[in-house]
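Descriptive structure summary
One letter stands for each residue in the lines below.
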Amino acid sequence: MNAPTQSLAGLDLRAEIERLRKERNAVILAHYYQTPDIQDLADFVGDSLDLSRKAADTNADVIAFCGVRFMAEVAKILSPEKTVILPDMDAGCSLEDSCPPEQFAKFRAAHPDHIALTYINCSAAVKAHSDIIVTSSSAEKILSQLPMDQKIIFAPDKNLGAYFNRKTGRDMLLWPGACIVHEAFSETELLKLKAQYPDAPVAAHPECPAYILDHADQVGSTRAILEFALASPAETIIVATEPHIIHQMEKAAPHKTFIGAPGADGNCNCNMCPYMALNTMEKLYIALRDMEPRIELDEGTRLAAKKPLDRMLAMASGSVGLGDLGLRVTGD
(Lines give C-alpha, C1' and ligand atoms only; values in the text may rest on other atoms or scores of the structure.)
Protein backbone atom coordinates (compact mmCIF):
# COMPACT_ATOMS: atom_id res chain seq x y z
CA MET A 1 0.00 0.00 0.00
CA ASN A 2 1.21 3.49 -0.78
CA ALA A 3 1.72 6.16 1.84
CA PRO A 4 -1.16 8.68 1.92
CA THR A 5 -0.61 11.93 0.10
CA GLN A 6 -1.41 15.37 1.47
CA SER A 7 -0.67 18.98 0.69
CA LEU A 8 3.03 19.70 1.07
CA ALA A 9 2.84 23.29 -0.14
CA GLY A 10 5.59 25.45 1.29
CA LEU A 11 7.63 22.53 2.59
CA ASP A 12 11.35 22.47 1.81
CA LEU A 13 11.33 18.89 0.60
CA ARG A 14 15.06 18.52 0.21
CA ALA A 15 15.73 19.81 3.72
CA GLU A 16 13.01 17.58 5.18
CA ILE A 17 14.36 14.54 3.34
CA GLU A 18 17.84 15.31 4.68
CA ARG A 19 16.41 15.56 8.21
CA LEU A 20 14.54 12.28 7.91
CA ARG A 21 17.53 10.55 6.34
CA LYS A 22 19.50 11.28 9.52
CA GLU A 23 16.66 10.54 11.92
CA ARG A 24 15.86 7.20 10.28
CA ASN A 25 19.50 6.28 9.66
CA ALA A 26 18.45 5.79 6.05
CA VAL A 27 20.39 5.32 2.84
CA ILE A 28 18.74 6.68 -0.31
CA LEU A 29 19.28 4.80 -3.56
CA ALA A 30 18.42 6.15 -7.00
CA HIS A 31 18.50 4.26 -10.27
CA TYR A 32 19.89 6.05 -13.31
CA TYR A 33 16.34 6.32 -14.66
CA GLN A 34 15.12 8.53 -11.82
CA THR A 35 14.60 12.26 -12.29
CA PRO A 36 17.63 14.53 -11.73
CA ASP A 37 16.32 15.96 -8.43
CA ILE A 38 16.17 12.47 -6.90
CA GLN A 39 19.52 11.44 -8.38
CA ASP A 40 21.17 14.53 -6.92
CA LEU A 41 20.12 13.85 -3.33
CA ALA A 42 20.73 10.08 -3.34
CA ASP A 43 23.59 8.49 -1.45
CA PHE A 44 24.19 6.15 -4.39
CA VAL A 45 23.13 6.34 -8.04
CA GLY A 46 23.58 3.32 -10.28
CA ASP A 47 22.36 -0.01 -11.63
CA SER A 48 19.85 -1.97 -9.60
CA LEU A 49 22.02 -4.79 -8.27
CA ASP A 50 24.99 -2.53 -7.60
CA LEU A 51 22.73 -0.26 -5.52
CA SER A 52 21.39 -3.13 -3.43
CA ARG A 53 24.88 -4.46 -2.75
CA LYS A 54 26.15 -1.03 -1.73
CA ALA A 55 23.19 -0.56 0.61
CA ALA A 56 23.85 -3.97 2.18
CA ASP A 57 27.38 -2.84 3.01
CA THR A 58 26.18 0.21 4.95
CA ASN A 59 25.11 0.39 8.59
CA ALA A 60 21.81 2.00 7.58
CA ASP A 61 18.62 0.80 9.26
CA VAL A 62 16.44 1.92 6.34
CA ILE A 63 16.84 1.64 2.57
CA ALA A 64 14.77 4.12 0.56
CA PHE A 65 14.92 2.71 -2.96
CA CYS A 66 14.00 5.18 -5.68
CA GLY A 67 13.55 2.73 -8.50
CA VAL A 68 10.97 0.07 -9.21
CA ARG A 69 9.52 -2.72 -7.12
CA PHE A 70 11.74 -5.61 -8.21
CA MET A 71 14.82 -3.51 -7.36
CA ALA A 72 13.55 -2.84 -3.86
CA GLU A 73 12.82 -6.56 -3.50
CA VAL A 74 16.46 -7.35 -4.33
CA ALA A 75 17.52 -4.91 -1.63
CA LYS A 76 15.30 -6.76 0.85
CA ILE A 77 16.63 -10.14 -0.30
CA LEU A 78 20.20 -8.99 0.38
CA SER A 79 19.38 -6.96 3.53
CA PRO A 80 16.55 -8.75 5.35
CA GLU A 81 17.37 -6.99 8.60
CA LYS A 82 16.87 -3.54 7.06
CA THR A 83 13.55 -1.80 6.45
CA VAL A 84 13.13 -1.24 2.70
CA ILE A 85 10.72 1.41 1.50
CA LEU A 86 9.66 2.33 -2.03
CA PRO A 87 8.18 5.80 -2.61
CA ASP A 88 5.38 4.37 -4.76
CA MET A 89 4.44 0.70 -4.60
CA ASP A 90 2.86 1.02 -8.04
CA ALA A 91 6.33 1.57 -9.51
CA GLY A 92 6.47 -1.76 -11.27
CA CYS A 93 8.14 -2.95 -14.47
CA SER A 94 6.75 -4.16 -17.78
CA LEU A 95 9.23 -7.05 -17.73
CA GLU A 96 8.10 -8.12 -14.28
CA ASP A 97 4.46 -7.80 -15.33
CA SER A 98 5.08 -9.93 -18.42
CA CYS A 99 6.17 -12.92 -16.33
CA PRO A 100 3.61 -13.92 -13.66
CA PRO A 101 5.14 -16.43 -11.19
CA GLU A 102 2.41 -19.04 -11.65
CA GLN A 103 2.77 -19.03 -15.44
CA PHE A 104 6.55 -19.14 -15.21
CA ALA A 105 6.39 -22.14 -12.84
CA LYS A 106 4.13 -23.98 -15.32
CA PHE A 107 6.45 -23.08 -18.20
CA ARG A 108 9.42 -24.46 -16.31
CA ALA A 109 7.54 -27.65 -15.47
CA ALA A 110 6.77 -28.14 -19.18
CA HIS A 111 10.50 -28.01 -19.98
CA PRO A 112 12.12 -30.16 -17.26
CA ASP A 113 15.36 -30.59 -19.23
CA HIS A 114 15.99 -26.81 -19.24
CA ILE A 115 17.62 -24.68 -16.58
CA ALA A 116 16.27 -21.17 -16.04
CA LEU A 117 18.50 -18.14 -16.48
CA THR A 118 16.35 -15.27 -15.33
CA TYR A 119 17.06 -11.59 -15.84
CA ILE A 120 17.10 -9.64 -12.61
CA ASN A 121 14.15 -7.56 -13.89
CA CYS A 122 11.54 -9.91 -12.43
CA SER A 123 9.68 -10.46 -9.18
CA ALA A 124 11.15 -12.22 -6.15
CA ALA A 125 8.63 -15.00 -6.74
CA VAL A 126 9.98 -15.60 -10.25
CA LYS A 127 13.54 -15.48 -8.95
CA ALA A 128 12.54 -18.22 -6.52
CA HIS A 129 11.67 -20.44 -9.51
CA SER A 130 15.01 -19.76 -11.24
CA ASP A 131 18.38 -21.49 -11.31
CA ILE A 132 20.64 -18.50 -11.96
CA ILE A 133 19.83 -14.80 -11.99
CA VAL A 134 21.68 -12.75 -14.59
CA THR A 135 22.17 -9.08 -15.35
CA SER A 136 22.86 -7.51 -18.71
CA SER A 137 26.51 -7.38 -17.65
CA SER A 138 26.95 -10.83 -16.15
CA ALA A 139 24.92 -12.99 -18.55
CA GLU A 140 27.65 -13.62 -21.12
CA LYS A 141 30.21 -14.62 -18.51
CA ILE A 142 27.74 -16.98 -16.88
CA LEU A 143 26.75 -18.50 -20.23
CA SER A 144 30.43 -19.16 -20.99
CA GLN A 145 30.54 -21.45 -17.95
CA LEU A 146 27.58 -23.58 -19.08
CA PRO A 147 27.94 -26.42 -21.59
CA MET A 148 26.80 -25.49 -25.10
CA ASP A 149 24.41 -28.44 -25.12
CA GLN A 150 22.73 -27.33 -21.89
CA LYS A 151 19.12 -26.41 -22.65
CA ILE A 152 18.24 -23.02 -21.20
CA ILE A 153 15.12 -20.98 -20.61
CA PHE A 154 15.87 -17.24 -20.67
CA ALA A 155 13.24 -15.01 -19.09
CA PRO A 156 11.61 -12.55 -19.09
CA ASP A 157 13.26 -10.32 -21.74
CA LYS A 158 13.08 -11.75 -25.26
CA ASN A 159 15.26 -8.97 -26.69
CA LEU A 160 18.04 -9.47 -24.15
CA GLY A 161 17.85 -13.23 -24.61
CA ALA A 162 17.98 -12.88 -28.41
CA TYR A 163 21.00 -10.60 -28.10
CA PHE A 164 22.89 -13.23 -26.11
CA ASN A 165 21.73 -15.99 -28.46
CA ARG A 166 23.30 -14.08 -31.35
CA LYS A 167 26.44 -13.23 -29.41
CA THR A 168 27.10 -16.71 -28.01
CA GLY A 169 25.66 -18.94 -30.73
CA ARG A 170 23.15 -20.50 -28.35
CA ASP A 171 19.51 -21.29 -28.91
CA MET A 172 17.95 -20.42 -25.57
CA LEU A 173 14.20 -20.75 -25.22
CA LEU A 174 12.95 -17.19 -24.73
CA TRP A 175 10.07 -16.04 -22.57
CA PRO A 176 8.09 -13.45 -24.60
CA GLY A 177 8.54 -10.38 -22.39
CA ALA A 178 9.92 -6.97 -23.31
CA CYS A 179 10.67 -3.56 -21.81
CA ILE A 180 8.16 -0.98 -23.00
CA VAL A 181 10.82 1.75 -22.85
CA HIS A 182 13.40 0.03 -25.04
CA GLU A 183 10.78 -1.29 -27.45
CA ALA A 184 9.69 2.30 -28.11
CA PHE A 185 12.82 3.27 -30.03
CA SER A 186 12.32 3.75 -33.75
CA GLU A 187 14.87 2.46 -36.26
CA THR A 188 13.69 4.98 -38.85
CA GLU A 189 14.08 7.91 -36.47
CA LEU A 190 17.44 6.61 -35.24
CA LEU A 191 18.76 6.45 -38.79
CA LYS A 192 17.60 10.04 -39.35
CA LEU A 193 19.48 11.07 -36.21
CA LYS A 194 22.62 9.21 -37.31
CA ALA A 195 22.46 10.99 -40.66
CA GLN A 196 22.21 14.31 -38.84
CA TYR A 197 25.17 13.44 -36.58
CA PRO A 198 27.33 11.05 -38.67
CA ASP A 199 30.26 11.12 -36.25
CA ALA A 200 28.18 10.36 -33.16
CA PRO A 201 28.46 6.79 -31.85
CA VAL A 202 25.34 5.04 -30.59
CA ALA A 203 25.32 3.44 -27.13
CA ALA A 204 22.38 1.08 -26.57
CA HIS A 205 21.03 -1.15 -23.84
CA PRO A 206 20.64 -4.82 -24.87
CA GLU A 207 16.97 -4.69 -23.88
CA CYS A 208 16.51 -2.89 -27.21
CA PRO A 209 15.26 -4.88 -30.20
CA ALA A 210 17.83 -6.18 -32.69
CA TYR A 211 16.91 -3.51 -35.25
CA ILE A 212 18.25 -0.89 -32.81
CA LEU A 213 21.26 -2.90 -31.59
CA ASP A 214 22.35 -3.44 -35.19
CA HIS A 215 23.14 0.29 -35.38
CA ALA A 216 24.90 0.53 -32.00
CA ASP A 217 28.61 1.09 -31.48
CA GLN A 218 28.35 0.01 -27.84
CA VAL A 219 25.87 -2.39 -26.26
CA GLY A 220 25.82 -2.72 -22.50
CA SER A 221 24.16 -2.11 -19.15
CA THR A 222 23.21 1.37 -18.01
CA ARG A 223 26.53 1.65 -16.18
CA ALA A 224 28.46 0.40 -19.22
CA ILE A 225 26.67 2.94 -21.42
CA LEU A 226 27.59 5.70 -18.98
CA GLU A 227 31.24 4.67 -18.89
CA PHE A 228 31.40 4.39 -22.67
CA ALA A 229 29.88 7.85 -23.09
CA LEU A 230 32.44 9.37 -20.76
CA ALA A 231 35.44 7.51 -22.21
CA SER A 232 34.58 8.01 -25.88
CA PRO A 233 36.52 10.77 -27.66
CA ALA A 234 33.33 11.68 -29.51
CA GLU A 235 31.86 15.07 -28.67
CA THR A 236 28.30 13.97 -29.47
CA ILE A 237 26.84 10.60 -28.42
CA ILE A 238 23.43 9.08 -29.14
CA VAL A 239 22.00 7.20 -26.17
CA ALA A 240 19.45 4.41 -26.66
CA THR A 241 18.14 3.78 -23.18
CA GLU A 242 15.89 5.62 -20.73
CA PRO A 243 16.99 9.27 -21.14
CA HIS A 244 17.33 10.19 -17.46
CA ILE A 245 20.77 8.57 -17.47
CA ILE A 246 21.88 11.54 -19.56
CA HIS A 247 21.81 13.62 -16.36
CA GLN A 248 24.83 11.73 -15.02
CA MET A 249 26.59 12.05 -18.37
CA GLU A 250 26.07 15.79 -18.48
CA LYS A 251 27.32 16.19 -14.91
CA ALA A 252 30.48 14.21 -15.60
CA ALA A 253 31.17 15.56 -19.11
CA PRO A 254 29.47 18.96 -19.52
CA HIS A 255 31.53 19.69 -22.64
CA LYS A 256 29.87 16.84 -24.54
CA THR A 257 26.46 16.62 -26.17
CA PHE A 258 24.26 13.62 -25.37
CA ILE A 259 21.18 12.96 -27.48
CA GLY A 260 18.47 10.51 -26.50
CA ALA A 261 17.50 8.12 -29.28
CA PRO A 262 14.02 9.03 -30.54
CA GLY A 263 10.82 7.08 -30.38
CA ALA A 264 8.40 6.56 -33.22
CA ASP A 265 7.06 10.10 -32.84
CA GLY A 266 10.53 11.57 -33.39
CA ASN A 267 11.16 12.55 -29.78
CA CYS A 268 12.13 10.88 -26.52
CA ASN A 269 8.97 11.38 -24.48
CA CYS A 270 7.70 7.86 -25.12
CA ASN A 271 11.06 6.47 -24.01
CA MET A 272 10.76 7.73 -20.43
CA CYS A 273 9.85 4.92 -18.06
CA PRO A 274 6.35 5.61 -16.69
CA TYR A 275 7.03 3.37 -13.67
CA MET A 276 10.22 5.17 -12.67
CA ALA A 277 8.37 8.46 -13.02
CA LEU A 278 5.95 7.47 -10.24
CA ASN A 279 8.65 8.18 -7.66
CA THR A 280 8.78 11.86 -6.75
CA MET A 281 10.42 14.02 -4.11
CA GLU A 282 7.04 14.39 -2.41
CA LYS A 283 6.50 10.63 -2.25
CA LEU A 284 10.07 10.04 -1.05
CA TYR A 285 9.52 12.51 1.78
CA ILE A 286 6.22 10.90 2.81
CA ALA A 287 7.70 7.40 2.63
CA LEU A 288 10.58 8.41 4.92
CA ARG A 289 8.20 10.23 7.24
CA ASP A 290 5.69 7.40 7.56
CA MET A 291 8.05 4.47 6.84
CA GLU A 292 5.57 3.25 4.23
CA PRO A 293 5.16 1.60 1.82
CA ARG A 294 7.46 -1.23 2.88
CA ILE A 295 8.77 -4.18 0.92
CA GLU A 296 7.84 -7.38 2.74
CA LEU A 297 8.93 -10.87 1.66
CA ASP A 298 8.16 -14.11 3.41
CA GLU A 299 11.36 -15.85 4.45
CA GLY A 300 10.78 -18.89 2.26
CA THR A 301 10.49 -16.76 -0.88
CA ARG A 302 13.43 -14.59 0.15
CA LEU A 303 15.75 -17.55 0.67
CA ALA A 304 14.60 -19.25 -2.53
CA ALA A 305 15.18 -16.03 -4.49
CA LYS A 306 18.56 -15.45 -2.85
CA LYS A 307 19.91 -18.82 -3.99
CA PRO A 308 20.03 -18.01 -7.74
CA LEU A 309 21.31 -14.51 -6.93
CA ASP A 310 24.16 -16.07 -4.95
CA ARG A 311 24.88 -18.40 -7.87
CA MET A 312 25.21 -15.41 -10.17
CA LEU A 313 27.61 -13.65 -7.82
CA ALA A 314 29.70 -16.79 -7.43
CA MET A 315 29.93 -17.28 -11.20
CA ALA A 316 30.45 -13.66 -12.25
CA SER A 317 31.76 -11.50 -9.43
CA GLY A 318 35.47 -10.82 -9.69
CA SER A 319 35.55 -11.62 -13.38
CA VAL A 320 33.10 -9.18 -14.97
CA GLY A 321 33.82 -5.47 -14.98
CA LEU A 322 30.74 -4.07 -16.61
CA GLY A 323 29.16 -2.09 -13.86
CA ASP A 324 26.28 -3.83 -12.20
CA LEU A 325 28.48 -6.09 -10.08
CA GLY A 326 30.03 -3.06 -8.44
CA LEU A 327 33.30 -3.40 -10.35
CA ARG A 328 35.24 -1.17 -12.67
CA VAL A 329 33.74 -0.89 -16.12
CA THR A 330 36.09 -2.03 -18.88
CA GLY A 331 33.78 -2.28 -21.89
CA ASP A 332 31.62 -4.93 -23.54
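Everything below is about the structure shown above.
These notes cover the structure that comes with them. Values in this document were obtained by computation on a predicted structure and should not be read as measured data. (Residues numbered from 1 in each chain as written. Predicted model: local features only at pLDDT ≥ 70, side-chain atom pairs only at ≥ 80, totals over all residues. Heavy atoms only, no water.)

Examining the overall build of the protein
- The secondary structure content of the protein amounts to 15 helices and twelve strands.
- For 332 residues, the compact-globule formula gives about 20 Å, and the C-alpha radius of gyration of the protein, at 19 Å, lands near that figure.
- Looking at the protein as a whole, 57% of its 332 residues qualify as buried.
- Intrachain contacts of the protein at a sequence separation of at least 6 include 63% that bridge at least 24 residues.
- In the protein, the 32 positive side-chain charges and the 45 negative ones have mean positions that sit 4 Å from each other. (Helix = DSSP H or I, 4+ residues; strand = E, 2+ residues; numbered from the N terminus. Rg over C-alpha atoms; globule rule 2.2 N^0.38 Å. Buried < 20%, exposed > 50% of the residue type's maximum accessible area, 1.4 Å probe, protein only. Contact = heavy atoms within 4.5 Å. Lys, Arg positive; Asp, Glu negative; His and termini not counted. Charge placed at Lys NZ, Arg CZ, Asp CG, Glu CD.)

Considering the side chain of Lys 76
- Topologically, Lys 76 is positioned in helix H4 (residues 69-78).
- Summary of buried charges: Lys 76 has no salt-bridge partner, and the nearest side chain of opposite charge, Glu 296, is 5.0 Å away.
- Here the side chain of Lys 76 touches Pro 80 through a polar contact of 3.2 Å, landing on its backbone oxygen.
- Beyond its immediate sequence surroundings of up to four residues, Lys 76 is in contact with Lys 82, Thr 83, Val 84, Ile 295, Leu 297 and Arg 302. (Salt bridge = Lys/Arg side-chain N within 4 Å of Asp/Glu carboxyl O. Polar contact = N/O pair within 3.5 Å; in protein donor to acceptor, adjacent residues only side chain to side chain.)

Digging into the sheet that holds strand E3 (residues 62-66)
- Ordered in space as E2-E1-E3-E4, the four strands form an open sheet in which the pairing is parallel. Because the sheet does not close on itself, it has two edges, and the strands there are strand E2 (44-46) and strand E4 (83-85). In this sheet, neighbouring strand axes are inclined to one another by 20° on average, regardless of whether the strands run parallel or antiparallel. (Pairing = 2+ DSSP bridges. Axes fitted to C-alpha atoms, helices over the stretch in contact; angles between N-to-C directions.)

Observations regarding the nonpolar core
- Counting residues in each nonpolar core, the largest one holds 79 residues, and the members touching the most others are Leu 117, Ile 120, Ile 132, Ile 142, Leu 146 and Met 249.
- Every residue in contact with Leu 146, bar those within four places of it in the chain, is listed here: Ile 115, Leu 117, Ile 132, Ile 152, Arg 170 and Met 315. (Core = buried A, V, L, I, M, F, W, Y, C linked by side-chain atoms within 4.5 Å.)

Concerning the sheet that holds strand E9 (residues 202-204)
- Read from one edge to the other, the open sheet built from four strands follows the order E10-E9-E11-E12, with strand pairing classed as parallel. The sheet is open, and its two borders are formed by strand E10 (218-219) and strand E12 (257-260), each paired with just one other strand.
- Here strand E11 (residues 236-240) pairs with E12 via four bridges, running parallel. Bridge pairing in E12 places Ile 237 opposite Phe 258.
- Contacting E9, E10, E11 and E12, helix H12 (residues 222-231) runs over the sheet at an angle of about 165° to E9.

Some details on the side chain of Arg 69
- You can see Arg 69 is positioned in helix H4.
- At 3.5 Å, the side chain of Arg 69 and the side chain of Glu 96 are in polar contact.
- Apart from residues lying up to four places away in sequence, Arg 69 is in contact with Leu 86, Met 89, Asp 90, Ala 91, Gly 92, Glu 96, Asp 97 and Ile 295.

Structural notes on the packing of helix H1 (residues 13-24) against helix H14 (residues 281-290)
- Running from amino to carboxyl end, H1 crosses H14 at an angle of 30°, the nearest separation of the two axes being 9 Å. One finds that H1 runs roughly parallel with respect to H14. As for how H1 packs across H14, the hand of that crossing is left-handed. Each of Leu 13, Arg 14, Glu 16, Ile 17, Leu 20 and Arg 24 in H1 lies in contact with H14, whose residues at this interface are Met 281, Glu 282, Leu 284, Tyr 285, Leu 288, Arg 289 and Asp 290.
- When the residues that make up the contact of H1 with H14 are grouped by side-chain class, the tally is seven nonpolar, no polar and six charged. (Parallel < 35°, antiparallel > 145°, perpendicular 65-115°, else oblique. Left-handed = near helix turned anticlockwise from the far one by under 90°. Nonpolar A, V, L, I, M, F, W, Y, C, P; charged D, E, K, R; others polar.)

Some thoughts on helix H9 (residues 158-168)
- Along H9, the positions that sit buried rather than exposed are Asn 159, Leu 160, Gly 161, Tyr 163, Phe 164 and Asn 165.
- The inward-facing, buried residues of H9 abut strand E5 (114-119), helix H8 (139-143), strand E7 (151-155), strand E8 (173-174), helix H11 (210-213) and E10.
- Regarding H9, its N-cap is Asp 157, as a side-chain oxygen of that residue lies 2.8 Å from the backbone nitrogen of Asn 159 further along.
- Positive phi shows up at Gly 169, right after H9, with a value of about 80°.

Topic: unusual backbone geometry
- Residues Ala 155 and Pro 156 are joined by a peptide bond in cis, for which omega reads -10°.
- Within the secondary structure, Pro 156 sits in the loop between E7 and H9.
- A cis geometry characterises the amide bond from Glu 292 onward to Pro 293, with omega recorded as 0°.
- Of note, Pro 293 is situated in the loop between H14 and helix H15 (299-316).

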